[in-house]
Amino acid sequence: MRAFIDNGRGFAFGEAIYPAGGFYGPLKDRYMTLLIIHEGKARIVCDDEETVLSARSCGFFRNARSISMEYSEGRHTRVSWCEGYAGDFSEALVSRLRSLPTQIPLPQRIESIQRLGVELGAGSSSNLNQLRNALGESIFLAYFHEAQMSEQERLTPRSVLRARFYIDENYDKEITVDRLAALVGVTPQHLVSSFRKHFGVTPVRYLWQIRASRGHFLLLQTALPISDIAYQCGYKNPFHFSRQISEQFGLSPRQVRENKGYRMASDVAEGAADTAYGMELSDTTVLPLEASPTTGEGPSSTV
C-alpha cells in the first residue's frame, strides 16, 4: 500500500446523496479514489477515460491530471468514497493495476469497511487519524483482492467454475471425477487438468480440503460427536476424518476441540499482573490525546 499512497496525507472517507443527480469535480490534484455507488448511477471521467458505475458497484480510479463524477440527472443517487493522495507508481505497479478490472460488484466486506470509515467522521487526533488510515489501507487492499478474484473467475472456464460450485454445495455427497465431468459437460481428463491450472489442485484434492474445513468448523462450533461430524462431511469413517484433520491442521479432532482453536490470552498464558488504579471517570470524562490537526487528513471530508 505504501508504494502508491502518500502516507503523509492519509485517507478521507465521505458520502453524499444527490436526490436528482449532480456533478462533482473536476479535481486537479493526483488522487487514488475508491468510489461506491449504493443507489443510482454515475459516469466517472478519469484522465479522459470514461467509466459508468451502476447501483451496488464500486470502482478504483487513479488520476494523473483530473477526475470528475457525474450523477444521472433526475435520478436519486447515493454515493460514498475513500480517497487518498496518489504516490509515485513504478511501471511494474502500473502494469499490475491495469490488469485488474476498473469496477466490480460491491462486496459485503468493502461496504462494511466503508461504513466504519464514514462513521469516524472528519475529526482529527493522532489515534483517530491512525484508525482512519488503517481503514483506508484495508478498503483498498480489499478492493484489489476482490478485483483479482473477479478477474480470476472471468478468465476461468465456466465448466470449471460450475464444478467448483457443485463441490462447494455437495461436499457431503459421493462425488467422483467421472460424475463431476459429466455434470459440467467435459471429459474427466480435461476437468482435472483445467481445474489444477486455475485453482492449483485437482477436483478430488479440493473436495477433501472443503470437507476438512467444514469438519474443523463443526468441531469448534458444535458439540456433535466426532463420528457424526465425519459422516456429515462426507467421510466414510471417523478414522479417515481424523487423519485428514491432523494433516491439514496439525491437531487431532479431539485436540482441535479441546483448545477451541484459540490462542490463550496473555494474562492466562503468562499470569501477568493486572492492576486497575483507583481513578474514577464519569461518563463524560475524556482522556486528553495529543492533537494532530494535519496528520491523516485526506483530500475531502464527510458530506
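This part is about the nonpolar core. Within the largest apolar cluster, 21 residues are counted, with the highest numbers of intra-cluster contacts made by Cys58, Ile110, Ile139, Phe140 and Tyr143. Secondary-structure elements contributing two or more residues to this core are strand E1 (11-18), strand E3 (31-39), strand E6 (57-62), helix H2 (108-119) and helix H3 (126-155). Judged by nonpolar contacts, the second largest core, of 17 residues, contains Leu27, Tyr31, Leu35 and Trp81.

For helix H7 (residues 203-221), with 19 residues, the first-to-last C-alpha span of 27 Å sits near the 27 Å given by 1.5 Å per residue. Within H7, the full set of buried residues consists of Pro203, Tyr206, Leu207, Trp208, Arg211, Ala212, Gly215, His216, Leu218 and Leu219. Structurally, H7 contributes buried residues whose contacts are with helix H4 (158-170), helix H5 (177-184), helix H6 (188-199), helix H8 (226-232), helix H9 (238-249) and helix H10 (253-259).

The next subject is the sheet that holds strand E8 (residues 77-85). Spatially, E1-E8-E3-E6-E9 is the arrangement adopted by the 5 strands of the open sheet, whose pairing is antiparallel. Strands at the two margins of the open sheet, each flanked by one partner only, are E1 and strand E9 (103-105). If you compare each strand with its neighbour and ignore which way they point, the axes differ by 20° on average. As paired strands, E6 and E9 are joined by 3 bridges and run antiparallel to one another. Looking at the pairing, cysteine 58 lines up with isoleucine 104 of E9. Set on the sheet, H2 makes contact with E1, E3, E6 and E8; between it and E1 the angle comes to about 95°.

Glancing now at the pairing of strand E7 (residues 67-71). For E7, a buried count of 4 out of 5 residues is recorded, marking the element as mostly surrounded by other parts of the structure. Here strand E2 (residues 22-27) runs beside E7; their pairing, made up of 4 bridges, is antiparallel. Pairing of phenylalanine 23 across the sheet is with glutamate 70, part of E7. Pairing geometry for strand E4 (residues 41-46) and E7, over 5 bridges, is antiparallel. What sits directly across from isoleucine 44, in E7, is methionine 69.

This paragraph deals with the packing of H7 against H9. Two numbers describe how H7 lies on H9: the axes approach to 10 Å, and their chain directions differ by 90°. By the angle class used here, H7 and H9 are roughly perpendicular. Contact with H7, carried on its side by Arg205, Trp208, Gln209, Ala212, Ser213, Gly215, His216 and Leu219, involves His240, Phe241, Gln244, Ile245, Gln248 and Phe249 of H9 and no other residues of that element. Taken together, the residues that form the contact of H7 with H9 break down as 6 nonpolar, 7 polar and 1 charged.

Counting buried positions along E8 gives 8 out of 9 residues, so the element sits mostly inside the fold. Of the strand pairs in this sheet, E1 and E8 are connected by 8 bridges, and their pairing is antiparallel. Note that in E8 the partner of tyrosine 18 across the bridge is threonine 77. Here E3 runs beside E8; their pairing, made up of 8 bridges, is antiparallel. Among the inter-strand pairings, leucine 35 is bridged to a residue of E8, identified as tryptophan 81.

Attention now moves to the pattern of salt bridges. When the charged atoms of two side chains with opposite charge come close together, those side chains can pair. The tally for this structure, following the rule as stated, stands at 8 salt bridges. Residues glutamate 50 and arginine 43 are paired through a salt bridge, measuring 3.0 Å at the closest nitrogen-oxygen approach. Given a relative accessible area of 51%, glutamate 50 falls into the exposed group. Note that arginine 65 and aspartate 48 form a salt bridge whose closest N and O atoms lie 3.2 Å from each other. Here arginine 65 is found in the loop between E6 and E7, whereas its partner aspartate 48 is found in the loop between E4 and strand E5 (49-54), with 17 residues between them in sequence. By relative accessible area, which is 48% here, arginine 65 ends up partly exposed. Taken together, the salt bridges that share partners define one network made up of Arg43, Glu50 and Glu70.

What counts and what doesn't
Position labels on residues start from 1 in each chain and follow its written sequence. Two thresholds apply to this predicted model, a pLDDT of at least 70 for residue-level local features and 80 or more for giving and counting side-chain atom pairs, whereas whole-chain, interface and lining totals are computed over all residues. For side-chain calculations, the full set of non-hydrogen atoms in the structure is used, while hydrogens and water are omitted. The nonpolar core is taken to be a set of buried Ala, Val, Leu, Ile, Met, Phe, Trp, Tyr and Cys residues, with the residues joined through side-chain atoms within 4.5 Å. Burial classification: accessible surface area is computed with a 1.4 Å probe over protein chains only, and a residue below 20% of its type maximum counts as buried, one above 50% as exposed, and the rest as partly exposed. Helix and strand assignments follow DSSP, with helices taken as H or I runs no shorter than four residues and strands as E runs no shorter than two, numbered in order from the N terminus. A helix is expected to reach a length of 1.5 Å times the quantity of its residues less one. By the convention used here, residues are in contact when the closest approach between their heavy atoms is within 4.5 Å. Strands are treated as partners if at least two bridges between them are detected by DSSP. To get an axis, fit a line to the C-alpha atoms, keeping to the stretch in contact for a helix; angles then go from 0 to 180 degrees between the N-to-C directions. Orientation is classified from the angle alone, with under 35 degrees giving roughly parallel, over 145 giving roughly antiparallel, 65 to 115 giving roughly perpendicular, and any other angle giving oblique. Just so you know the grouping, Ala, Val, Leu, Ile, Met, Phe, Trp, Tyr, Cys and Pro go in nonpolar, Asp, Glu, Lys and Arg go in charged, and all remaining residues, Gly too, go in polar. When a carboxyl oxygen of Asp or Glu is within 4 Å of a side-chain nitrogen of Lys or Arg, the pair counts as a salt bridge.

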